[in-house]
Amino acid sequence: MRCPNCGYENPEGRRYCEECGERITNIEAIKARARRKSQREAARIRREAKEVAQEKGLDVKEAERRMRRTRRRVAPWMGLVILGVMIILVVVLIVVLQPGGKSGPEKAVIDFYQAIADKDMMTYLKYTEPELYKMAKNGEYQPDPVTEGLTYDSYRLEELDTRLVSEEGDQAGVEVISGYLEGFNSDGSGSGGVNFSEYPRTISLVEVEGTWIIRDYGIMKLPYPLPEILPEESEFPEVQEEQPAETEEPS
């Protein structure tokens, strides 16, 4: 008996290889079972071939050859299943590996601006005020566009595109690099619009319970170029506390 590990020819009946000690009895038993199975299958095919030969008037060997050839073929429906699985795998790979796929923070920014354009208050709250969003879902809060700061009667959003600037843990930064946003009033006046290709806008996000929330959304939603804020200026000068006037000390 040949050892499956080192190839040494052992005397019949050996349970372990004399050369390397590999167990060989089980290997021979497996081969014997395989031979017996093959013999039973061949006998069954011969019996069925005789029946087919009698029914169709064929030679027994010809009937047996046709039966073996048929068993080697893959059923037509199996071919369709395999083809369908291959198509699904190709589609999944294209979607997952394509370079144009957007990250989670980018999708949040795009959905945020689309919610503004549609005045979709539930989606808007989802990416701005998660607690109010939960209350609105439970019917405990009724969101209103004006209350939430969407004061224009309608909005126009075109071809928005973004770029992921940073993502680390639950913090991320996304730059809006192209597209157009403008707000309109019912009297026909508008905000003037912002072309993000000329005035790119960087948005900070934080992940809360699996959702990316827009920071400073009150500024990020504005449909016009943001004013440049100098270091010595306040971001909200209208709410800056007035400094008391200096008084001269009595001499």
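Enquirer: Honestly, the overall build of the chain in this entry has me stumped. Any pointers?
Expert: When helices and strands are counted, the chain shows seven helices and five strands. Sorting the 251 residues of the chain into buried and exposed places 25% on the buried side. Residue pairs in contact within the chain that sit at least 24 positions apart in sequence constitute 46% of those at least 6 positions apart. Put simply, the chain shows about 17,700 Å² of open surface, and 52% of that area lies on carbon and sulfur atoms.

Enquirer: It is not clear to me how a positive patch on the surface should be interpreted in this structure. Could you clarify?
Expert: On the surface, Arg33, Arg35, Arg36, Lys37 and Arg40 cluster together to form a positively charged patch. Locating Arg36 in the fold gives a position in helix H1 (residues 25-56).

Enquirer: What is the right way to read the pairing of strand S2 (residues 171-184) from this model?
Expert: For a regular strand, the rule is simple: side chains alternate between the two faces of the sheet. In terms of burial, S2 is largely enclosed, as 11 of its 14 residues are buried. Note that strand S1 (residues 154-168) and S2 share 12 bridges and pair antiparallel. Note that in S2 the partner of Ser166 across the bridge is Gly173. The turn joining S1 and S2, which pair antiparallel and follow one another in sequence, is formed by two residues; a positive phi near 65° is taken by Gly169. Here six bridges tie S2 to strand S4 (residues 201-208), and the two strands are oriented antiparallel to one another. Residue Gln171 lies in a different strand from S4, and its bridge partner there is Val206. Inspection of the sheet shows S2 paired to strand S3 (residues 194-195) by two bridges, in the antiparallel sense.

Enquirer: Could you clarify how one ought to interpret the nonpolar core in this entry?
Expert: Inside soluble globular proteins, nonpolar side chains tend to come together where they are buried. Core analysis: the largest hydrophobic core is formed by 26 residues, its most contacted members being Val109, Tyr113, Ile203, Leu205 and Ile214. Every element with two or more residues in this core is listed here: helix H4 (104-118), helix H5 (121-126), S1, S2, S4, strand S5 (211-214) and helix H7 (217-220). The element contributing the most residues to this core is H4, with six residues. Once residues lying within four places of it in the same chain are set aside, the contact partners of Val109 are Thr162, Val174, Val176, Ile203, Leu205 and Ile214.

Enquirer: How do you make sense of a nonpolar patch on the surface when you look at a structure like this?
Expert: Side chains of Val81, Val85 and Leu89 sit close together on the surface and give an oily, nonpolar patch of about 250 Å² of accessible area. Positionally, Val81 belongs in helix H3 (residues 76-97).

Enquirer: For this particular structure, what's the right way to read the pattern of salt bridges?
Expert: Between side chains of opposite charge, a pair can form when the charged atoms approach closely. Counting across every chain of the model gives seven salt bridges. Linking Glu106 and Lys102 is a salt bridge whose minimum nitrogen-to-oxygen distance equals 3.6 Å. Between Arg156 and Glu158 there is a salt bridge, and its shortest N-O distance comes to 2.4 Å. By relative accessible area, Arg156 is classed as partly exposed at 32%. Here the salt bridges share partners, and the residues they tie into one network are Lys102, Glu106 and Asp161.

Enquirer: Please clarify how the packing of aromatic side chains should be interpreted in this entry.
Expert: To describe a pair of aromatic rings, you give the distance between the ring centres and the angle between the ring planes. Taken as a whole, this structure holds five aromatic pairs when the rule is applied. Plain terms: the ring middles of Phe112 and Tyr124 are 5.8 Å apart, the flat faces sit at 20° to each other, and that makes the pair stacked. Taken together, the residues span a long stretch of sequence, with Phe112 in helix H4 and Tyr124 in helix H5 at a distance of 12 residues. Note on Tyr124 and Tyr217: the rings are 6.1 Å apart at their centroids and 90° apart in plane angle, and the pair reads as edge-to-face. Within this pair, whereas Tyr124 is found in helix H5, its partner Tyr217 is found in helix H7, the two being separated by 93 residues in sequence. The exposure class of Tyr124 is buried, given its relative accessible area of 0%. Grouping aromatic residues by their ring pairs yields a cluster made of Phe112, Tyr113, Tyr124, Phe196 and Tyr217.

Enquirer: Even after reading the chapter, I still don't get the side chain of Ser103, so can you show me in this structure?
Expert: Locating Ser103 in the fold gives a position in the loop between H3 and H4. Exposure remark for Ser103: the relative accessible area of 16% places this residue in the buried category. A distance of 2.9 Å separates a polar atom in the side chain of Ser103 from a polar atom in the side chain of Glu106. Apart from the residues lying within four places of it in its own chain, the contact partners of Ser103 are Leu164 and Glu167.

Thresholds, definitions, all that
Residues numbered from 1 in each chain as written. Predicted model: local features only at pLDDT ≥ 70, side-chain atom pairs only at ≥ 80, totals over all residues. Heavy atoms only, no water. Helix = DSSP H or I, 4+ residues; strand = E, 2+ residues; numbered from the N terminus. Buried < 20%, exposed > 50% of the residue type's maximum accessible area, 1.4 Å probe, protein only. Contact = heavy atoms within 4.5 Å. Areas by Shrake-Rupley, 256 points an atom, 1.4 Å probe, with all protein chains shown as cover. Patch = residues over 30% accessible without salt bridge, like charges linked within 9 Å, V, L, I, M, F, W, Y side chains within 5 Å. Salt bridge = Lys/Arg side-chain N within 4 Å of Asp/Glu carboxyl O. Lys, Arg positive; Asp, Glu negative; His and termini not counted. Charge placed at Lys NZ, Arg CZ, Asp CG, Glu CD. Pairing = 2+ DSSP bridges. Core = buried A, V, L, I, M, F, W, Y, C linked by side-chain atoms within 4.5 Å. Phe/Tyr/Trp six-rings, centres within 6.5 Å; stacked < 30°, edge-to-face > 60°. Polar contact = N/O pair within 3.5 Å; in protein donor to acceptor, adjacent residues only side chain to side chain.

So, to be careful, I would describe these as geometric facts and stop short of saying anything about function.
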